[in-house]
Amino acid sequence: MVTEIKLDGHLISVYQYHEEKVNDLHKISVGFKVTSEEYHDTAMLLYRETFDVIVPERKLSFRGRITNYSTSITNLYLKGQVGDYQLTLT
């Protein structure tokens, strides 16, 4: 099971991972937790939309763009909050 990915060198611990190839393109979908303390940095990272994606445990790397994104909570500025993020990169 994959437990982490890197987006532009930023390590993200994931609890869910799915990988496939679509029209010869790599596509990964991940689920990960974001705390209120991590929210600002995570949001700033994801605003980039396009990343150097590395999946160390699969020896996979590609240039990927966000093709799907959702979160379970929209206000992580409140201390003690934790959101579930779902992210698909192609």
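Each remark here, short or long, concerns the structure printed above.
What you see is a predicted model; the values in this text were computed from it and never measured. (Residues numbered from 1 in each chain as written. Predicted model: local features only at pLDDT ≥ 70, side-chain atom pairs only at ≥ 80, totals over all residues. Heavy atoms only, no water.)

Peer 1: Which residues make up the environment of leucine 46, and what values do they have?
Peer 2: Relative to the elements of secondary structure, leucine 46 occurs in helix H1 (residues 39-46). A relative accessible area of 8% means that leucine 46 is categorised as buried. Distance in space between the C-alpha atoms of leucine 46 and glutamine 16 is 18 Å, their sequence separation being 30 residues. (Helix = DSSP H or I, 4+ residues; strand = E, 2+ residues; numbered from the N terminus. Buried < 20%, exposed > 50% of the residue type's maximum accessible area, 1.4 Å probe, protein only.)

Peer 1: So what's going on with unusual backbone geometry? Which residues, and what values?
Peer 2: Within the chain, glutamate 49 stands out as a residue other than glycine whose phi angle is a positive 70°. Positive phi is not limited to glycine here, since lysine 59 has a value of about 50°. Inspection of the secondary structure puts lysine 59 in the loop between strand S5 (50-55) and strand S6 (60-71). Relative accessible area serves as the criterion here: at 80%, lysine 59 is assigned to the exposed category.

Peer 1: Just give me the short version of the pattern of salt bridges, but keep the residues and values in it.
Peer 2: For the structure on display, the rule yields six salt bridges. Put simply, aspartate 52 and arginine 63 hold a salt bridge, and the shortest N to O gap is 3.1 Å. Of the two residues, aspartate 52 is situated in strand S5 and arginine 63 in strand S6; the sequence distance between them amounts to 11 residues. Judged by relative accessible area, aspartate 52 falls into the partly exposed class, the value being 42%. (Salt bridge = Lys/Arg side-chain N within 4 Å of Asp/Glu carboxyl O.)

Peer 1: Help me get a handle on the nonpolar core, residues and values and all.
Peer 2: Ile5, Leu7 and Ile28 are the most contacted members of the largest nonpolar core, which has 24 residues in total. Secondary structure elements with two or more residues in this core: strand S1 (4-7), strand S4 (25-35), H1, S5, S6 and strand S7 (82-89). The residues contacting leucine 7, other than those within four sequence positions of it, are Ile12, Leu45, Leu46, Phe51, Asp52, Val53, Leu87 and Leu89. (Core = buried A, V, L, I, M, F, W, Y, C linked by side-chain atoms within 4.5 Å. Contact = heavy atoms within 4.5 Å.)

Peer 1: Please provide a residue-by-residue account of H1, values included.
Peer 2: Of all the positions in H1, only Tyr39, Thr42, Ala43, Leu45 and Leu46 are classed as buried. Buried residues of H1, viewed axially, fall in a sector of 160°; they line one side. Of the surrounding elements, those touching the buried residues of H1 are S1, strand S2 (10-13), S4, S5, S6 and S7. (Arc of directions from axis to C-beta.)

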